[in-house]
Amino acid sequence: MTKNIEISPKTLAQQVRRDIVRMVYEAKSGHPGGSLGCVETLVSLYLDVMDLHSEFRMNGQNEDMFFLSNGHISPVWYSVLARIGYFEVRELATFRQINSRLQGHPTPYEHLPGVRVASGSLGQGLSVAAGAALAKRLAHEKNKVFVLMGDGEQQEGQIWEAASFAAHHKLDNLIAMIDVNGIQIDGRTQDVMNNRDLAEKWKSFGWEVEIITDANDYDLVTARLKSIKAKQNQPVCVLLHTVMGKGVDYMENSHKWHGNAPNQAQFESAMNQLPSDLLDY
Amino acid sequence: MYQIKDLLIRGQKDTRSGFGDAMAEMVDNEKIVALCADLTGSLKLDAFKEKAPNRFFQAGIAEQNMIGVAAGLSLSGLIPFATTFANFATARVYDQIRQSIAYSKTNVKICASHAGITLGEDGATHQIMEDIGLMQMLPHFIVINPCDYYQTYQATKAIALTQDPTYLRFGRPVLPVFIPENAPFEIGKALKLNDGKDITIVATGHLVWEAVQAIEILEKEGISCDLLNIHTIKPLDLDAILASVKKTGKILVCEEHQRLGGLTSTIALNLSEIHPTPLKSISMMDTFGESGTPNDLMKKYGLSSENIVKTIQSWLAL
């Protein structure tokens, strides 16, 4: 690892949760539910799993690359990127404000370190990641390309085009992760548009499938992602079982918190539930 | 400066072959990679594929993914040429282009064949004439619509040298190769093909040849036409258009595209703002095409030298 962070990952994860709730509260909009559910995954990737240069490089050469396909969970990504030093933590206060690099959905348009391609319109990130993986193979690089998608996002047809492409072209440096929290805007994923058996679907498309039963367990998700990365020999799909809204009791497992901001009382309640030794932005 | 009477016809070829030949010649540039969605032969990419099999990627009939893969490939510094028919390269994948290429400003070259009504017998499902409008609306995009084999060859080589998201539009019909070998190709610069004083004709794509034929007839009748070949729709060479209409006071725009959203709309908008000029258009009049030979279709829908002649004759007779 080239990222030298002295804080323990679990301490950082707790602070990232505080950042997420504060950003969405202050912007009076945003997507806290999925963001909170993916805290451990993103902290783990950036602190323990990915090999990264100390400074952001757009071309991603000779380092692992990460793409966020479900761009609406930008708060968790922005917080992690800032907390590991890609940009100043105080910039988190500009989230969703005018003249900010921290757009509602991530974009390289404003040159925010860490973001290589815009996302927000769902279903596109896996294709982009497959392209980046192909480029690494052409350059004879050994590094990996990670992409995170949502489970609701699996309803987009483009994902299955990309799934076929990656398997056909044997992209053994591509790791697709799905945040399986079972919830989307209109309700439970199985009620809105049943994805059926995601593991079987991905297997039938020619991917190896790994399941992490509790991706909010930092040690578990870190150990599994490290092991998957080390022994990969075909495209791998990782089903990350998470709890939407993890860490804030009234947000947990509720589709109401997919894309809603807390009011002042709810914000204060969340802050009380997430004590941290680190400083808020 | 050229005059139509000096133009030499150097054989008959399709514009798409200009693309394929340029790609084959650029094969030694290891930055260039090509993708195609199950239309490799139609895009004339067989030679590139044969010479650089490791830099050609079959995407299958899955254009949305192809656009995203191209964006991902470009991040490392590669120059991806993502290719298919114009309908599937634009309308079908517009949101993918908008987010992963235009907004993200990734250096992807979308190269599309079989644009326009001259696709012919396959009919309206495949004859896109809305693509220029779609693509020129996107911020960051360069939009190029060359007129013959040689200009397509030149354009293909030129776009490989830029860092901009680019849409290159070409087609299927076999037409005379008439752009002079010494003609410069500069992105964003119109090519003046005839000097005249009575009317400005601005033409793009396959209709440039129709305009050339029309001017030969009109000149015999004593009507002298300025002919500007606009190969780059965006950025538009407004200076060249302005210089011409200040001289002639009239402009006829010729394009194999819907008049709404195409070169006609763009020129009308720009001239209205800075130098209002009487304008007429040879273009698709808010209708779909149909099956038929390219020649029959161009005549039926008025995208022909005959209609250019008729339109100018009646306009100048007023």
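Coordinates for the structure precede this section.
Here the structure is a predicted model, which means the values were calculated and not measured. (Residues numbered from 1 in each chain as written. Chains lettered and ligands numbered in written order. Predicted model: local features only at pLDDT ≥ 70, side-chain atom pairs only at ≥ 80, totals over all residues. Heavy atoms only, no water.)

Trainee: So what's going on with the interface of chain B and chain A? Residues and values would help.
Mentor: With 26 residues of chain B at the contact, the number on the chain A side is 29 residues. It is Leu75(B), Gln99(B) and Tyr103(B) in chain B that bury the most area against chain A; as a group they hold 29% of the surface buried on that side. Inspection of the region where chain B meets chain A yields 0 salt bridges. The interface formed by chain B and chain A contains 15 residue pairs in polar contact (both at pLDDT 80 or more). Among the elements of the structure, β3 (56-58), α3 (63-74) and α5 (94-103) of chain B are those that each provide at least two residues to the side of chain B that touches chain A. Tallying contributions element by element places α3(B) first for the side of chain B that touches chain A, with 8 residues. Of the residues that constitute the side of chain B that touches chain A, the class distribution is 10 nonpolar, 13 polar and 3 charged. (Contact = heavy atoms within 4.5 Å. Buried area = accessible area lost by both parts, 1.4 Å probe. Salt bridge = Lys/Arg side-chain N within 4 Å of Asp/Glu carboxyl O. Polar contact = N/O pair within 3.5 Å; in protein donor to acceptor, adjacent residues only side chain to side chain. Helix = DSSP H or I, 4+ residues; strand = E, 2+ residues; numbered from the N terminus. Nonpolar A, V, L, I, M, F, W, Y, C, P; charged D, E, K, R; others polar.)

Trainee: Report on the packing of aromatic side chains, specifying residues and quantitative values.
Mentor: Within this structure, the stated rule accounts for 15 aromatic pairs over all chains. Here the aromatic rings of Tyr109(A) and Tyr103(B) are separated by 5.0 Å at their centres, their planes lie at 35°, and the arrangement is tilted. Of this pair, Tyr109(A) sits in the loop between α4 (74-83) and α5 (125-138) while Tyr103(B) is found in helix α5, placing the two residues in two different chains. The exposure class of Tyr109(A) is partly exposed, given its relative accessible area of 38%. Ring centres of Tyr250(A) and Trp257(A) lie 5.3 Å apart, and the angle between their planes is 65°; this geometry places the pair in the edge-to-face category. Within the aromatic cluster, the residues linked to one another by ring pairs are Tyr46(A), Phe56(A), Phe66(A), Trp77(A) and Tyr86(A). (Phe/Tyr/Trp six-rings, centres within 6.5 Å; stacked < 30°, edge-to-face > 60°. Buried < 20%, exposed > 50% of the residue type's maximum accessible area, 1.4 Å probe, protein only.)

Trainee: Could you give an account of the layout of surface pockets, with specific residues and numbers?
Mentor: There is about 320 Å³ of room inside the largest pocket. Together, 21 residues line the largest pocket, and His72(A), Leu122(A), Gly152(A), Gln184(A) and His258(A) are the ones closest to its centre. For the lining of the largest pocket, the residue count by class is 5 nonpolar, 12 polar and 4 charged. Space inside the second largest pocket adds up to approximately 210 Å³. As for the second largest pocket, its lining consists of 15 residues, of which Arg98(B), Gln99(B), Ala102(B), Tyr103(B) and Pro139(B) are closest to the centre. Looking at the lining of the second largest pocket, its residues break down into 8 nonpolar, 6 polar and 1 charged. (1 Å grid on protein atoms, 1.4 Å probe; cavity = no way out; pocket = protein on both sides within 12 Å on 5 of 7 lines; lining within 4 Å. Points joined across faces, edges and corners; volume = space filled by probe spheres on them.)

Trainee: Give me the nonpolar core: which residues, what numbers.
Mentor: Membership of the largest hydrophobic core comes to 81 residues, with the highest contact counts inside it found for Phe67(A), Leu126(A), Leu174(A), Trp202(A), Trp207(A), Ile110(B) and Ile241(B). For this core, the element with the highest residue contribution is α5(A), accounting for 8 residues. Taken domain by domain, the makeup of this core includes at least three residues from each of domain 1 (12-176) and domain 2 (182-317) of chain B. If we skip the residues at most four places from it in the chain, Ile110(B) touches Ile67(B), Ala82(B), Ala89(B), Ile97(B), Ile101(B), Met135(B), Phe141(B), Thr166(B), Tyr167(B) and Leu168(B). If you look at the next biggest cluster of nonpolar residues, it comprises 57 residues, including Phe95(A), Ile228(A), Val238(A) and Leu240(A). (Core = buried A, V, L, I, M, F, W, Y, C linked by side-chain atoms within 4.5 Å. Domains from an automatic or database assignment.)

Trainee: Account for helix α6 (residues 157-168) of chain A, with residues named and values stated.
Mentor: With 12 residues, α6(A) ought to run about 16 Å at 1.5 Å a step, and its terminal C-alpha atoms sit 17 Å apart, in line with that. Just past α6(A), the residue Lys170(A) takes up positive phi, approximately 50°. (Expected span 1.5 Å × (residues − 1).)

The analysis is restricted to geometry; functional conclusions fall outside its scope.
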